[in-house]
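# Notes for the structure review
Each chain is listed here by its residues.
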Amino acid sequence: MESAVQKHQCIITAINEKYVPFFSVLLKSIIENTENTEKYEIVVFYSQLSEESQTILNDMICKENIWIRFFDVSRWIRGWTFFVNGENQRQYLSQEAYFRLLAHELLPEYQRALYLDSDMVVQPGWTDIFQIELESYLLAAVPDIWDNWKCNLPGSHLAEYRRKELGINNFAEYFNSGMMLLNLEKMRAIFKCRELLEVAASKSWKKHDQDVLNYMCKGKVLLLDYRWNLIECPNKAAADAISQEERRQMQNSEKEKKIIHFASRKPWKVRGVQNEDAFWKYAVGSSFFDLIFSLFIEEQLQQGKYFEQTVYKSIYSGRVGIKFIIICIKKWLDKLILKHGER
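Let us look at the structure shown here. (Residues numbered from 1 in each chain as written. Predicted model: local features only at pLDDT ≥ 70, side-chain atom pairs only at ≥ 80, totals over all residues. Heavy atoms only, no water.)

### Things to note about the overall build of the chain
Within the chain, the secondary structure is distributed over 15 helices and ten strands. When each of the 343 residues of the chain is scored for burial, the buried share is 53%. Taking as baseline every contact in the chain between residues at least 6 positions apart, the subset at least 24 positions apart corresponds to 81%. With the model as given, the accessible surface of the chain reaches about 17100 Å², and the carbon-plus-sulfur share is 49%. (Helix = DSSP H or I, 4+ residues; strand = E, 2+ residues; numbered from the N terminus. Buried < 20%, exposed > 50% of the residue type's maximum accessible area, 1.4 Å probe, protein only. Contact = heavy atoms within 4.5 Å. Areas by Shrake-Rupley, 256 points an atom, 1.4 Å probe, with all protein chains shown as cover.)

### Side note on the pairing of strand S7 (residues 175–183)
Burial of S7 is extensive: nine of the nine residues sit out of reach of the surface. Here strand S4 (residues 112–116) runs beside S7; their pairing, made up of five bridges, is antiparallel. The partner of Leu114 across the bridge, within S7, is Leu181. (Pairing = 2+ DSSP bridges.)

### Topic: unusual backbone geometry
Despite not being glycine, His208 has its phi angle at roughly 55°, a positive value. Within the secondary structure, His208 is located in the loop between helix H8 (195–200) and helix H9 (209–217). The phi torsion at Asn275 lies on the positive side, around 65°, for a residue other than glycine. Here Asn275 shows up in the loop between strand S10 (259–261) and helix H12 (276–283).

### A look at the pairing of S4
Counting buried residues in S4 gives five out of five residues, a clear majority hidden from the surface. Side chains of S4 alternate between two faces, with Arg112, Leu114 and Leu116 and Ala113 and Tyr115 buried alike. Of the pairings in the sheet, the one linking strand S1 (residues 9–14) to S4 comprises two bridges and is parallel in character. By the bridge assignment, Ile12 is partnered in S4 with Tyr115.

### Brief notes about the sheet that holds strand S3 (residues 66–72)
Strand order in the open sheet made by the seven strands is S3-S2-S1-S4-S7-S6-S8, with mixed pairing throughout. Strand pairing shows two members of the sheet lacking a second neighbour, S3 and strand S8 (221–223), which therefore form its edges. On average, each strand axis in the sheet is inclined to that of its neighbour by 25°, with strand direction left out of account. Bridge analysis of S1 against strand S2 (residues 40–46) gives six bridges, and the strand direction is parallel. Residue pairing across strands places Ala14 opposite Phe45, the latter belonging to S2. Contacting strand S6 (139–143), S7 and S8, H9 runs over the sheet at an angle of about 55° to S7. (Axes fitted to C-alpha atoms, helices over the stretch in contact; angles between N-to-C directions.)

As structure tokens, this is what we get:
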């Protein structure tokens, strides 16, 4: 029997209290770059999120065709261990990264959904991704280019790991799980209830949920071009190692970018991040801008920058308020945008 037509688009993310400010930037970019021709529900998976944060995020939405639903997944993940702590684990990763593995089970009313990491911003035209036909694919995603190149190095431990643990021999097919157009209906038909969580909890995966999804979905992934998940590569060796064709594709994707992913360096921590102007453009309009900017100043203060020291002290002494901060960041953004336009 043919399934019912999905009445509106679904966007999924997973956050904790620490990542609320950065998700608010993504939320602002969605609001700014979404037309009124379709309806969108944003589903936020969480296990610990204050009522205050939920209220502030909900109040940011000023369009009738966009709404947000906070989904507490605590009872679904109770008792599971996902090896997010310990030796050689990424310090910024938390159990929320695994919540996306529950999407097909927790959202039975949807046939498809777009998953986005909270450290992203969308650009004009990003909603075109919903026009992509998934057909028999479990999901659509973008190759994880900057890690994939490592597999081509002589004696690569990553290549050995992917062959042995993930069963992946064509390393170019390994995708980044930060942006995925999910075929939830197809996933429900293939994966038993909570099967993905069982696999996730079975061992300490190098790339956590991303490895799990690459392992379980291999051969059934539609690979998209980099504009749908554009990630900076500050590693010169990686940039030099990719092929001329891949470099050309990256350059074209930069010109036509739709979704920017700050999976590498974070613009709220350091200066000079690729597409940092896009992040701050939406951060200024976020309800958490003062906190984001304060975190940025704290990071800069550790480097002994005179300007940041002065602004930081002025903010916390109460001599200046939000208006001054906005003026400062606007001048900074104007300079970045001007510089970007001259390239």
